[in-house]
Amino acid sequence: MPLRIGVLGTGHFGRFHALKLAARGMLAGIADADPARAAAIAAETGAPALAPEALLAASDAVVIAVPTAHHHALAMQAIAAGRHLFIEKPIAATLEQGRALVAAARAAGLVLQTGHIERYSAAIRTLRASGAGEGALSFEATRVAPFRPRSLDVSVVLDLMIHDLDLVLSLAAAPLAEVRATGARVMSDHPDFAVAHLRFEGGARATITASRVSVAMERRLRILGHAGETRVDFLARSLERVHPGGAEPVATMPGWGITRATWTEHDSLEAEQAAFIASIEAGAPVEASGEVGLAALDAALRVEAAIAENAG
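Calculation criteria
Residues numbered from 1 in each chain as written. Predicted model: local features only at pLDDT ≥ 70, side-chain atom pairs only at ≥ 80, totals over all residues. Heavy atoms only, no water. Helix = DSSP H or I, 4+ residues; strand = E, 2+ residues; numbered from the N terminus. Rg over C-alpha atoms; globule rule 2.2 N^0.38 Å. Buried < 20%, exposed > 50% of the residue type's maximum accessible area, 1.4 Å probe, protein only. Areas by Shrake-Rupley, 256 points an atom, 1.4 Å probe, with all protein chains shown as cover. Lys, Arg positive; Asp, Glu negative; His and termini not counted. Charge placed at Lys NZ, Arg CZ, Asp CG, Glu CD. Pairing = 2+ DSSP bridges. Contact = heavy atoms within 4.5 Å. Axes fitted to C-alpha atoms, helices over the stretch in contact; angles between N-to-C directions. Salt bridge = Lys/Arg side-chain N within 4 Å of Asp/Glu carboxyl O. Arc of directions from axis to C-beta. Polar contact = N/O pair within 3.5 Å; in protein donor to acceptor, adjacent residues only side chain to side chain. Patch = residues over 30% accessible without salt bridge, like charges linked within 9 Å, V, L, I, M, F, W, Y side chains within 5 Å. Core = buried A, V, L, I, M, F, W, Y, C linked by side-chain atoms within 4.5 Å.

I keep staring at the overall build of the protein and nothing clicks. Help me out?
Looking only at helices and strands, the protein has nine helices and 14 strands in total. For 312 residues, the compact-globule formula gives about 20 Å, and the C-alpha radius of gyration of the protein, at 20 Å, lands near that figure. In terms of overall dimensions, the protein has a C-alpha envelope of 65 × 50 × 40 Å along the principal axes. Across the 312 residues that make up the protein, the buried fraction comes to 48%. Accessible surface for the protein amounts to roughly 13,700 Å². Of this, 56% is attributable to carbon and sulfur atoms. Of the side chains in the protein, 28 bear a positive and 33 a negative charge, and the two mean positions are spaced by 3 Å.

What is the right way to read the sheet that holds strand E6 (residues 136-144) from this model?
Pairing between the strands of a sheet comes from backbone hydrogen bonds, and it takes one of two forms, parallel or antiparallel. Read across the open sheet, the nine strands follow the order E7-E8-E9-E6-E10-E11-E12-E14-E13; overall the sheet is mixed. Of all strands in the sheet, those bounded by a partner on one side alone are strand E7 (176-184) and strand E13 (248-249). In this structure, E7 lies alongside strand E8 (residues 193-200), joined through eight bridges in antiparallel fashion. When the bridges of E8 are listed, Leu 176 appears paired with Phe 200. In this fold helix H6 (residues 122-130) packs onto strand E10 (218-225), strand E11 (228-233), strand E12 (238-244) and strand E14 (256-261), with an angle of close to 5 degrees to the strand it touches most, E12.

I would appreciate a short explanation of the pattern of salt bridges in the present structure.
Pairs can form between side chains of opposite charge once their charged atoms are near each other. In total, this model carries 20 salt bridges according to the counting rule given. Residues Arg 119 and Glu 287 are paired through a salt bridge, measuring 3.7 Å at the closest nitrogen-oxygen approach. With a gap of 168 residues between them, Arg 119 in the loop between strand E5 (112-115) and H6 and Glu 287 in the loop between helix H8 (268-281) and helix H9 (290-311) connect regions that are remote in the sequence. It is possible to trace a salt-bridge network through shared partners that takes in Lys 89, Asp 159, Asp 192 and Arg 212.

I keep staring at unusual backbone geometry and nothing clicks. Help me out?
A negative phi angle is the norm for most residues apart from glycine, just as the trans form is the norm for most peptide bonds. Note the cis peptide between Lys 89 and Pro 90, where omega equals -10 degrees. Along the chain, Pro 90 falls in the loop between strand E4 (84-88) and helix H5 (95-108). Although it is not a glycine, Ser 151 adopts a positive phi angle of roughly 60 degrees. What makes Ser 151 partly exposed here is its relative accessible area of 27%.

Quick question: what am I supposed to make of the environment of Gly 131 here?
For Gly 131, the location among the structural elements is in the loop between H6 and E6. Separated by 40 residues in sequence, Gly 131 and Leu 171 have C-alpha atoms that sit 9.7 Å apart.

In this structure, what is going on with helix H2 (residues 35-45)? I would like to understand it.
The α-helix advances 3.6 residues per turn, and as a result positions three or four apart in sequence lie on the same side. Looking at H2, one finds that the buried residues are Ala 38, Ile 41, Ala 42 and Thr 45. One face of H2 carries all of its buried residues, which in axial projection span an arc of 105 degrees. Exposed residues pointing more than 90 degrees away from the buried face of H2 are listed as Ala 36 and Ala 43. Against the buried residues of H2 lie helix H1 (12-24) and strand E2 (27-31). The N-terminus of H2 is capped by Asp 34, whose side-chain oxygen sits 3.0 Å from the backbone nitrogen of Ala 36. Of the residues one or two after H2, Gly 46 is the one with positive phi, at around 75 degrees.

Even after reading the chapter, I still don't get the sheet that holds E4, so can you show me in this structure?
Here five strands make up an open sheet; going across it, the order is E2-E1-E3-E4-E5 and the pairing parallel. Every interior strand has two partners, whereas the edge strands, E2 and E5, have only one. Here the strands of the sheet are splayed against their neighbours by 15 degrees on average, with no regard to which way each runs. Sheet analysis places strand E1 (residues 5-8) next to strand E3 (residues 61-64), joined by four bridges and oriented parallel. Within the sheet, the bridge partner assigned to Ile 5 lies in E3 and is Ala 61. Along the sheet face, H8 touches E1, E3, E4 and E5 and points at about 175 degrees away from the line of E5.

Honestly, a nonpolar patch on the surface in this entry has me stumped. Any pointers?
A cluster of nonpolar side chains, contributed by Phe 147, Val 186, Met 187 and Phe 193, occupies part of the molecular surface with about 340 Å² of accessible area. Looking at the element boundaries, Phe 147 is found in the loop between E6 and helix H7 (156-172).

Whenever I open this one, the nonpolar core confuses me. Can you help?
Within soluble globular proteins, side chains that are nonpolar tend to cluster in buried spots. One finds Leu 127, Leu 198 and Val 303 to be the most contacted residues of the largest nonpolar core, which totals 67 residues. Of the residues forming this core, the biggest block, 12 residues, is contributed by H7. If near-sequence neighbours (up to four positions away) are discounted, Val 303 is found in contact with Val 157, Met 161, Leu 165, Val 179, Ala 181, Ala 196 and Leu 198. Counting residues in hydrophobic clusters, the runner-up holds 18 residues, among them Ala 18, Leu 27, Ile 41 and Phe 86.

In this structure, what is going on with the pairing of E14? I would like to understand it.
The side chains of a regular strand alternate between the sheet's two faces. In this structure, E12 lies alongside E14, joined through six bridges in antiparallel fashion. Note on E14: the bridge partner recorded for Leu 239 is Ala 261. In this sheet, E14 lies alongside E13 in antiparallel orientation, the contact comprising two bridges. By the bridge assignment for E14, Pro 249 is matched with Gly 257. Where E13 folds back onto E14 in an antiparallel hairpin, the turn is made up of six residues, including Gly 255, whose phi is positive at roughly 85 degrees.

Right, here's the structure in full:
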């Protein structure tokens with residue numbers, strides 16, 4: 001009997017989750033607070049539109065892709081029903097809620113995966129394989145895009161920056177010691193751009209810029225350390241690293257060279273779903289675990305607090 005997975009919330013990401021699960025033959029049904037949208041996604045996927053309680057009863061696991069404010073309540077219902085959980089990022093609206101979810105899922109022996117989709121991208125896998133983060137002292141990340149009227153229930157920090165916060169946290173591999181940040185509202189009720197300055201125990205630092213009101217899309221990362229410099233342009237699919245023993249010798253740096261890499265994009269959401277299914281069916285480790293979601297949320301909320309403090 002194939003695993004049956006329900007989707008709670010069929011907005012931008014929820015719809016994609018439903019379509020991919022339907023293609024796998026695993027979609028138990030969908031639920032959405034908007035009856036018209038629920039009917040439309042049900043027709044598109046061929047799965048029934050159900051009330052949340054009925055969807056939980058029909059499912060072995062659920063994807064929670066509702067607005068962040070409702071993550072905790074719906075996830076707790078799912079845990080009480082004994083259902084494995086995939087929760088789109090951020091894991092919850094507050095750290096207390098996130099910790100409660102992680103503890104409850106652990107006590108019930110249930111899988112809890114957070115939707116940090118970048119961990120499953122070809123770009124990040126190429127970056128990790130390069131060894132660029134080893135011994136890094138400085139990170140500079142930029143993730144900006146033109147304005148789109150979605151995900152406006154949260155700030156740009158929880159919408160976009162949280163991806164780079166998670167990435168830098170994993171590369172720095174050290175506790176976050178200090179956070180300074182600035183940002184402002186432009187088109188929504190929450191900060192639409194933000195610049196965060198992070199300091200980690202051990203001395204590494206990071207500057208992360210995020211904006212959803214930019215002129216154009218840009219996604220870049222620069223990593224600096226004693227072992228050289230790595231530059232990644234995620235949109236151009238290029239990684240350039242100057243380091244000892246690099247493939248292309250640098251005349252002015254004896255023993256050093258430049259190594260270049262690229263990657264072929266794959267369906268990161270499909271890879272993310274496959275990891276969730278494998279964790280349930282085969283007990284595979286959960287890379288984007290609830291603890292990962294908590295660490296990213298903690299950093300994001302500290303950035304938001306610093307923005308609020310800086311605004312006076």
